[in-house]
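# Results of the structural survey
Residue strings, one per chain:
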Amino acid sequence: MVLRDRIPDQLKLRDEMISVNLEDDVAVFPTNDYVLLEISHKAGKINISKIAATVRDLVRSDRRMVAIRGYGFKGVGLSVRVAHELKKREQRFEYEMAFDTFEATEPETSNPLTSVQIVFMPPD
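So, here's what we can say about the structure. This one's a predicted model, so the numbers in the text were calculated from it and none came from an experiment.

### Concerning the sheet that holds strand β2 (residues 26-30)
Across the sheet, six strands lie side by side as β1-β5-β6-β4-β3-β2; this open sheet has mixed pairing. Of all the strands in the sheet, the pair left with one neighbour each is β1 (18-19) and β2. With ten bridges joining them, strand β5 (residues 96-105) and strand β6 (residues 112-121) adopt antiparallel strand pairing. Along β6, the bridge assignment pairs T105 with P112. Contacts from helix α1 (residues 48-61) reach β2, β3 (34-39), β4 (65-71) and β6 within the one sheet, and its direction differs from that of β4 by about 150°.

What follows is the structure in structure tokens.
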């Protein structure tokens, strides 16, 4: 099975613009199929190690799919740092990851935000 075929339809990005209105630096949205973590473009200091450890536990132990969406320059950088931290921690367990970029907008300013979505999956 192709990796992208395993991504739920709700996480498949299309051409439409995503509106961002995060009040927290990091927001978590659990569903039955996956856990969505969103990192704001206005995020302050966040604990990358703690987020990476939580994602690792969800994917490795619970066999859950986790998607991280980072919005704007800061959110993209922090999302990629989480992915990097997970790769550094890989020893006997390897993640399958799918990366996508998309455009989002902040409703107040209507400025476009280049954004990234990283989906972490347990291997089949």
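Moving on from the model shown.
### Brief notes about the layout of surface pockets
In this structure, the largest pocket occupies an estimated 180 Å³ of space. Q10, K12, L13, R14, D15, E16, M17, I18, R69, T101, F102 and E103 together form the lining of the largest pocket. A per-element tally of the lining of the largest pocket places β5 first, with three residues. Looking at side-chain class alone, the lining of the largest pocket contains four nonpolar, two polar and six charged residues.

Cut-offs used in this document
Residues numbered from 1 in each chain as written. Predicted model: local features only at pLDDT ≥ 70, side-chain atom pairs only at ≥ 80, totals over all residues. Heavy atoms only, no water. Pairing = 2+ DSSP bridges. Helix = DSSP H or I, 4+ residues; strand = E, 2+ residues; numbered from the N terminus. Contact = heavy atoms within 4.5 Å. Axes fitted to C-alpha atoms, helices over the stretch in contact; angles between N-to-C directions. 1 Å grid on protein atoms, 1.4 Å probe; cavity = no way out; pocket = protein on both sides within 12 Å on 5 of 7 lines; lining within 4 Å. Points joined across faces, edges and corners; volume = space filled by probe spheres on them. Nonpolar A, V, L, I, M, F, W, Y, C, P; charged D, E, K, R; others polar.

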